[in-house]
Each structure stands twice: as structure tokens, then as C-alpha cells.
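Below, each chain spelled out in residue letters.
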Amino acid sequence: MTEKPQGAEPGDDSAAEEAVIKAAEEAAAAGAEGSDAGTSGDATAKRELAERTADLQRLQAEYQNYRKRVERDRLTVREIAVSNILESLVPVLDDIGRARDHGEVTGGFKSVAESLETVVAKLGLQQFGKEGEPFDPTMHEALMHSYSSEVTEDTCVQILQPGYRIGERIIRPAMVAVAEPQPGTQTTAGPDADTAKGGEKKDQADGDSDS
């Protein structure tokens, strides 16, 4: 039986490739020996060749799984590294945002700021948080709270600090001011309610006429 190569480091395929080549050579040699042995050793040669072939197929399958596992590890390490870098740049993006709000992003600084924002966006960093969107506790953090008759659900009425995410992972929630519906606010009656109210008025009128 051909054993799986040991001691290979992730990303180093040389040992695995050598083992595959060696197994193939052994299988070919077994086939050649079986040919030279004549009729008396034909059955033994075929059995050995079948065993070598099975070993080679098994080793090839293990090698393919090994390569897939190494590739997954590489992607995971890259994602973690990129995520850590982008997370460390969030305070810098906050400073750029505050400077832009005060009209200080001009000249050469404006070009640098826009280049940085373009690069982090290409790496997968996304900014989120807009006024008027429904409040979502998984994405927003409420720093201020108020009531309003102009909203029908908990709503972000002011973005105090934007949020950032990479894919589905939230790096930082958006810091927002939230407004809830005014207590006691009457909801708009639907068509069924208007119809029922009209029927009640009609019944009351009929009752008055009968009396």
C-alpha cells in the first residue's frame, strides 16, 4: 500500500507530487514485470497491478483533497488579513468624513482621500447608514432617542457616524438617532373601517326614522 506523504507543509505540493509520480512508476513497473513473467505468473501480476492502480487512485484523490484544503486555508488567511487592515482604517475614514463635512477636503488632500476610499471599496469595505431607513438593531446603534408623529415605525432620523461592513460581517454598526411613533398616534383607517363606519351611520339613521 502507498502511504500518504507526510511532513508536507500547506502550500508545498512538491512532496505530494513526488509521491504520485513514484506510485505511477511502481504501477508501470509491476505491469512490465507481469508481462515478462509469462502465463504462469499472469494472475499474480494482474492482482498486483490492480492493487497498485487502486493505491494510485486513492493517492490521487487524497492529493486533490489536500490541494483543495490548502486553497481554502489560503483564502481564509487572506480574508482575515484584509479584514484586519480595513478595520484599522475605519478611524481614518471617519476623520476624512468629518473633514469633508467641514469643507476641509480640498486640493491634494481631496485626491488622497478619494484614492483611499476607492481602494478600500475595491477590497470589499462597504459603508452603510442612511437617514429615513428603518432602525435595525443588528446594523444600527441608537445613541439618541425621540418620538415623532411623522414616522410609523422606529426610524433612523440622523446618522451620527456611518457603519462599515465586509460582505455580511459588520465591522462597526452605524451610530444613529432614532425616532419612534408618537404614543397615541391614530393609524389611518382602511377601506373596511370606512365601510363599517358608514354602515353604522346608516343603521342609526334608519333607527331614528322608525322612531
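Each chain has its residues counted from 1, running along the sequence as written. Owing to the predicted nature of the model, reporting of local features is limited to residues with pLDDT of at least 70; listing and counting of side-chain atom pairs is limited to 80 or more, with chain, interface and lining totals taken over all residues. Side-chain numbers come from the whole structure's heavy atoms, not from hydrogens or water.

Caption draft 1: Broad picture of the pattern of salt bridges. What makes a salt bridge here is a side-chain nitrogen of Lys or Arg within 4 Å of a carboxyl oxygen of Asp or Glu, nothing more. Enumeration according to the criterion identifies 6 salt bridges in this entry. A salt bridge links Arg172 to Asp94; the nearest nitrogen and oxygen atoms lie 2.5 Å apart. Separated by 78 residues along the polypeptide, Arg172 in strand S5 (residues 169–172) and Asp94 in helix H2 (residues 42–101) bring together distant segments of the chain. Partly exposed residues are those whose accessible area sits between 20% and 50% of the maximum for their type, while under 20% is buried and over 50% is exposed, using a 1.4 Å probe and protein chains only. Since its relative accessible area comes to 9%, Asp94 is described here as buried. Between Arg98 and Asp95 there is a salt bridge, and its shortest N-O distance comes to 2.5 Å. Of this pair, Arg98 and Asp95 both sit in helix H2, 3 residues apart, which is roughly one turn of that helix. On the basis of relative accessibility, which here comes to 42%, the residue Arg98 falls in the partly exposed class. Per the convention used, a helix needs a DSSP run of H or I reaching at least four residues, while a strand needs a run of E reaching at least two, with both numbered from the N terminus.

Caption draft 2: Representation of the confidence of the model for the chain in the model. Scored between 0 and 100, pLDDT is the confidence that the predictor attaches to each residue. Residue-level pLDDT values for the chain average 79, and 68% of them are 70 or greater. For the chain, the element scoring lowest by mean pLDDT is helix H4 (residues 191–210), at 52; strand S6 (residues 174–181) scores highest, at 95. Only heavy atoms enter the contact rule, under which two residues are in contact if any of them lie within 4.5 Å. pLDDT under 50 marks residues 1–5. Its contacts with residues more than four places away, or in other chains, come to 14 contacts.

Caption draft 3: Region of the structure containing the nonpolar core. Ranked by size, the top nonpolar core spans 12 residues in total: Val82, Leu86, Val90, Leu93, Ile96, Ala99, Val105, Ala113, Val120, Leu125, Tyr164 and Ile171. Only H2 and helix H3 (107–122) provide two or more residues apiece to this core. The element contributing the most residues to this core is H2, with 6 residues. Among buried residues, the Ala, Val, Leu, Ile, Met, Phe, Trp, Tyr and Cys ones that are joined through side-chain atoms within 4.5 Å form a nonpolar core. Formed by 5 residues, the second largest nonpolar core is a distinct cluster that contains Cys156, Ala174, Val176 and Val178.

Caption draft 4: Fine view of the pairing of S6. Taking burial as the measure, the 8 residues of S6 include 6 buried ones, the bulk of the element. Strand pairing is defined by DSSP finding a minimum of two bridges between the two strands. Strand direction decides the pairing type here: strand S2 (residues 140–148) and S6, joined by 8 bridges, are parallel. Across the sheet, residue His140 finds its bridge partner in S6, namely Ala174. Alignment of strand S3 (residues 155–161) against S6, held across 5 bridges, turns out to be antiparallel. Across the sheet, the residue bridging to Ile159 is Val176, located in S6.

Caption draft 5: Looking closely at the layout of surface pockets. As defined here, a cavity is a set of points on a 1 Å grid over the protein atoms alone where a 1.4 Å probe fits but cannot get out. A pocket is an open set with protein on both sides within 12 Å along at least five of seven lines, and residues line them when an atom is within 4 Å of a point. Grid points are joined across faces, edges and corners, and a volume is the space filled by probe spheres set on the points. The computed volume of the largest pocket comes to approximately 410 Å³. As for the largest pocket, its lining consists of 18 residues, of which Leu93, Gly97, Gln127, Pro162 and Tyr164 are closest to the centre. The set of elements that each furnish at least two residues to the lining of the largest pocket consists of H2, H3, strand S1 (125–128) and S3. Counting residues per element, the lining of the largest pocket draws most heavily on H2, at 6 residues.

Caption draft 6: Fine view of the packing of aromatic side chains. Pairing of aromatic side chains here covers Phe, Tyr and the six-membered ring of Trp, requires ring centres within 6.5 Å, and sorts the geometry by plane angle: under 30 degrees stacked, over 60 edge-to-face, intermediate tilted. Within this structure, the stated rule accounts for 1 aromatic pair. For the ring pair Tyr63 and Tyr66, a centre distance of 6.4 Å and an interplane angle of 25 degrees mean the geometry is stacked. Highlighted residues: Tyr63 and Tyr66, both in helix H2, separated by 3 residues, approximately one helical turn. Looking at Tyr63, the relative accessible area reads 11%, which means it is buried.

Caption draft 7: Seen up close, the sheet that holds strand S4 (residues 163–166). Pairing within the open sheet is antiparallel, and its 3 strands lie in the order S1-S4-S5. Pairing within the sheet leaves two strands with one partner each, and these edge strands are S1 and S5. For this sheet the average axis-to-axis angle between neighbouring strands, irrespective of direction, equals 35 degrees. Here 3 bridges tie S4 to S5, and the two strands are oriented antiparallel to one another. The residue bridging Tyr164 from the neighbouring strand is Arg172, located in S5. Running at roughly 40 degrees to S5, H2 makes contact with S1, S4 and S5 of the sheet. In this description, a line fitted to the C-alpha atoms serves as the axis of each element, helices being fitted only across the stretch in contact, and the angle between N-to-C directions of two axes falls anywhere from 0 to 180 degrees.

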